[in-house]
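A structural walkthrough
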Amino acid sequence: MTAREKGNVIVTLSDKRLLSMDEFALYTSMGANKTRELAEISGALFRAGRRLLVDRVKFDQWCDAHSEL
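Okay, so let's go over this structure. Small disclaimer: the values here were computed from a predicted structure and weren't measured.

1. Side note on the pattern of salt bridges
Close approach of charged atoms allows side chains with opposite charge to pair. Overall, the coordinates contain 5 salt bridges when judged by the stated rule. For K16, the salt bridge goes to E23, with nearest N and O atoms at 2.8 Å. For the pair formed by K16 and E23, the shared burial category is buried. Across the salt bridge formed by K34 and E37, the nearest N and O atoms sit 3.5 Å from each other. In this pair, K34 and E37 are both assigned in helix α2 (residues 32–42), 3 residues apart and thus about one turn of the helix distant. Accessibility expressed as a relative area gives 41% for K34, which makes it partly exposed.

Printed below as a string of structure tokens:
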């Protein structure tokens, strides 16, 4: 999955540590409201000024710890 293309460099979502809310919605395949709620619950929400970013690694660890098999 391609997050952005700058010149000849392609950055995938799995290569990025911090995702914007739009990128996080693509990553989780969920809507904007649910992704914000999940980011807050998991403790992966990161604020940089007015920007809201999600720590993908923290979210993945939270998902692994809370998966029900």
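Resuming the write-up.
2. A few points about the packing of helix α1 (residues 21–28) against α2
Running from amino to carboxyl end, α1 crosses α2 at an angle of 95°, the nearest separation of the two axes being 9 Å. When the interaxial angle is binned, α1 and α2 end up roughly perpendicular. Within the contact between the two elements, α1 uses M21, F24, A25 and T28 and α2 uses T35, R36 and A39. Taken together, the residues that form the contact of α1 with α2 break down as 4 nonpolar, 2 polar and 1 charged.

3. Let's talk about the sheet that holds strand β3 (residues 18–20)
Strands sit in the order β3-β5-β4 across an open sheet of 3 strands; the sheet is antiparallel. The open sheet terminates on both sides in strands that have one partner only, identified here as β3 and β4 (45–48). If you compare each strand with its neighbour and ignore which way they point, the axes differ by 40° on average. Looking at chain direction, β4 and strand β5 (residues 51–55) are connected through 4 bridges and run antiparallel. Residue pairing for β5: R47 is matched across the bridge by L52. α2 rests against β4 and β5 of the sheet, and its axis sits at about 100° to β4.

Rules used in this analysis
Residues numbered from 1 in each chain as written. Predicted model: local features only at pLDDT ≥ 70, side-chain atom pairs only at ≥ 80, totals over all residues. Heavy atoms only, no water. Salt bridge = Lys/Arg side-chain N within 4 Å of Asp/Glu carboxyl O. Buried < 20%, exposed > 50% of the residue type's maximum accessible area, 1.4 Å probe, protein only. Helix = DSSP H or I, 4+ residues; strand = E, 2+ residues; numbered from the N terminus. Axes fitted to C-alpha atoms, helices over the stretch in contact; angles between N-to-C directions. Parallel < 35°, antiparallel > 145°, perpendicular 65-115°, else oblique. Contact = heavy atoms within 4.5 Å. Nonpolar A, V, L, I, M, F, W, Y, C, P; charged D, E, K, R; others polar. Pairing = 2+ DSSP bridges.

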